[in-house]
Amino acid sequence: MLCGLLGALLPCTALAAPPPILETEESNTAVMPKPNPHWLYVGTRAGGVTIIDGDTAKIVGTINAAPAAGFALAPQGKEYYVSETIWTRMNRGTRQDLLSVYDGHTLNLITDIELPGRLIASGRTPYFSTSADGLRGYVYNMQPASSIITIDLAKRNVLGITEIPACGLIYPHGKTGVATLCADGALADVAIDASGHGRITDRIPFFDAQQDPVFEESPVDRAGGQALFITFNGMVHLVHLGAPSTLEKAWSLQQAAGLSPATTSPEQTTWRPGGRRPFAFHPGSKRLYALMHEGAPWGQKRSGTELWVLDTATHQLVNRFTLPTSGYAVGVSEDNAPLLFVLSEDGWLWVMDPETGKILRSLRDVGRTTLLATDRS
């Protein structure tokens, strides 16, 4: 009817909608851009490892991982390794302890390496790490005895198991070196041969495991062979890892800031380190970044309200940065133009200038951090 009325002015064919052009849908698979030193790798309680570009504060990709998994990178991000415990029926069934290998370009699974024993994975660096050259992987195993599983990452097979009685956690350094911490407050050097088997060779007592334990997430420079083991009260023990390891005189975070050293006295309220991953170390500048809060002893799980920057060569405080939210984990890229990363318990990521503390970028809803890693290659 309408077409008839308008026909004198406009042809009816002009009012009809053109038929849609149907195109064949083509599937494709996105690939990862080339990694850069400012990428941050964040594991959360929900599982998975999120890759975030610190230059944009945008998510680049996600690596599959069970909750509380361990994580490490191959040099130049060619591969990603996930050490995890899973069950065939999610929360029950047959337990599987695996080192899963993912392609760094596609994030596709390359292979699973079955691990012996009972891993019971934890999303902390000293439960799984690699040698400085990326050729070996080391997994801390909890059963049937405390031990280190050594993996040939190139050949994709388990080399052997080294028992570390009364000791736990692993701190690899160099091509073949591994250190562990013991219940009596000692650092133990572990010699592991080409077959993946070894033994404890030396022990250096250096901290009081009952009164002032060290943080598990104390920073280690794998390539340089140095570890900064930091206690709950803020004493810094610099260890030159080797065979045997050597120890320098301890110094206090609080004294570096002009304060009295922290003690375990319940009456003393002072600045103390705390958080899930309270420290980061930049090997080039020899600077230590520490999340600090004011409180009484045994508050090592409390997030930091300030971030302290310390020169580990002079034992001096360089800067104190007030954080927009409490900091639960801290990381720093290891290049010559580093970025500083701070994550909060409620999922904020702050990308900061390590010289000024200025907030450069931010990202929210990252999740509660279980692990944090940067590219060390």
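Read on for an overview of the structure.

1. Some remarks on the overall build of the protein
Okay, so step 1: The secondary structure content of the protein amounts to 2 helices and 30 strands.
Okay, so step 2: Taking the principal axes of the C-alpha coordinates as reference, the protein spans close to 100 × 50 × 40 Å.
Okay, so step 3: Residues classed as buried in the protein amount to 52% of the 377 residues present.
Okay, so step 4: For the protein, long-range pairs separated by at least 24 residues make up 44% of all intrachain contacts whose partners lie at least 6 apart in sequence.
Okay, so step 5: Within the structure as shown, the protein displays about 17500 Å² of accessible surface, and the carbon and sulfur contribution to it stands at 52%.
Okay, so step 6: Taking the 30 positively charged and 36 negatively charged side chains of the protein as two groups, their mean positions are separated by 3 Å.

2. Considering the sheet that holds strand E9 (residues 136-141)
Okay, so step 1: An order of E8-E9-E10-E11 is seen for the 4 strands of this open sheet, with the pairing classed as antiparallel. Among the strands making up the open sheet, the edge pair consists of strand E8 (128-130) and strand E11 (157-163). Averaged over all pairs of adjacent strands, the angle between their axes in this sheet comes to 20°, without regard to strand direction.

3. Here we look at the pairing of strand E23 (residues 287-295)
Look at any regular strand and the pattern is simple: side chains alternate between the two faces of the sheet.
Okay, so step 1: Among the 9 residues that make up E23, 8 are buried, leaving the element largely enclosed by the rest of the structure.
Okay, so step 2: Note that strand E22 (residues 279-282) and E23 share 4 bridges and pair antiparallel. What sits directly across from histidine 282, in E23, is arginine 287.
Okay, so step 3: Adjacent in sequence and paired antiparallel, E22 and E23 are bridged by 4 residues, among which lysine 286 carries a positive phi angle near 60°.
Okay, so step 4: In this structure, E23 lies alongside strand E24 (residues 304-311), joined through 6 bridges in antiparallel fashion. When the sheet's bridge partners are listed, leucine 291 is paired in E24 with leucine 307.

4. Topic: the sheet that holds strand E28 (residues 349-352)
Okay, so step 1: Overall, antiparallel pairing links the 4 strands, which are arranged E26-E27-E28-E29 in an open sheet. Each edge of the open sheet carries a strand with a single partner, namely strand E26 (329-332) and strand E29 (359-363). Recorded for the sheet is a direction-independent mean angle of 20° between the axes of neighbouring strands.
Okay, so step 2: With 4 bridges connecting them, E28 and E29 associate as antiparallel partners. Residue pairing for E29: tryptophan 350 is matched across the bridge by serine 362.

5. A closer look at the side chain of serine 129
Okay, so step 1: Among the secondary structure elements, serine 129 is positioned in strand E8.
Okay, so step 2: For serine 129, the contacting residues outside a window of four places in its chain are Arg136, Gly137, Tyr138, Ile170, Pro172 and Arg222.

6. Examining the packing of aromatic side chains
Okay, so step 1: On inspection of all chains with the given rule, the structure shows 12 aromatic pairs.
Okay, so step 2: Ring pairing ties together the aromatic residues Tyr171, Phe206, Phe207 and Phe229, which thus form one cluster.

7. What to know about the pattern of salt bridges
Okay, so step 1: Using the criterion set out here, one finds 8 salt bridges in the structure.
Okay, so step 2: Glutamate 79 is paired through a salt bridge with arginine 156; the nearest N and O atoms lie 2.5 Å apart. Residue glutamate 79 is located in strand E5 (residues 79-87), and its partner arginine 156 is located in the loop between strand E10 (147-152) and E11; the two are separated by 77 residues in the primary sequence.
Okay, so step 3: Judged by relative accessible area, which is 27%, arginine 156 ranks as partly exposed.
Okay, so step 4: One salt bridge in this structure joins arginine 95 and aspartate 97, with 2.9 Å as the shortest N-O distance.
Okay, so step 5: The class for arginine 95 is partly exposed, based on a relative accessible area of 29%.

8. Comments concerning the side chain of threonine 85
Okay, so step 1: Within the secondary structure layout, threonine 85 lies in strand E5.
Okay, so step 2: Within the structure, the side chain of threonine 85 is placed 2.7 Å from the side chain of aspartate 97, a separation counted as a polar contact.

The rules behind each value
Residues numbered from 1 in each chain as written. Predicted model: local features only at pLDDT ≥ 70, side-chain atom pairs only at ≥ 80, totals over all residues. Heavy atoms only, no water. Helix = DSSP H or I, 4+ residues; strand = E, 2+ residues; numbered from the N terminus. Buried < 20%, exposed > 50% of the residue type's maximum accessible area, 1.4 Å probe, protein only. Contact = heavy atoms within 4.5 Å. Areas by Shrake-Rupley, 256 points an atom, 1.4 Å probe, with all protein chains shown as cover. Lys, Arg positive; Asp, Glu negative; His and termini not counted. Charge placed at Lys NZ, Arg CZ, Asp CG, Glu CD. Pairing = 2+ DSSP bridges. Axes fitted to C-alpha atoms, helices over the stretch in contact; angles between N-to-C directions. Phe/Tyr/Trp six-rings, centres within 6.5 Å; stacked < 30°, edge-to-face > 60°. Salt bridge = Lys/Arg side-chain N within 4 Å of Asp/Glu carboxyl O. Polar contact = N/O pair within 3.5 Å; in protein donor to acceptor, adjacent residues only side chain to side chain.

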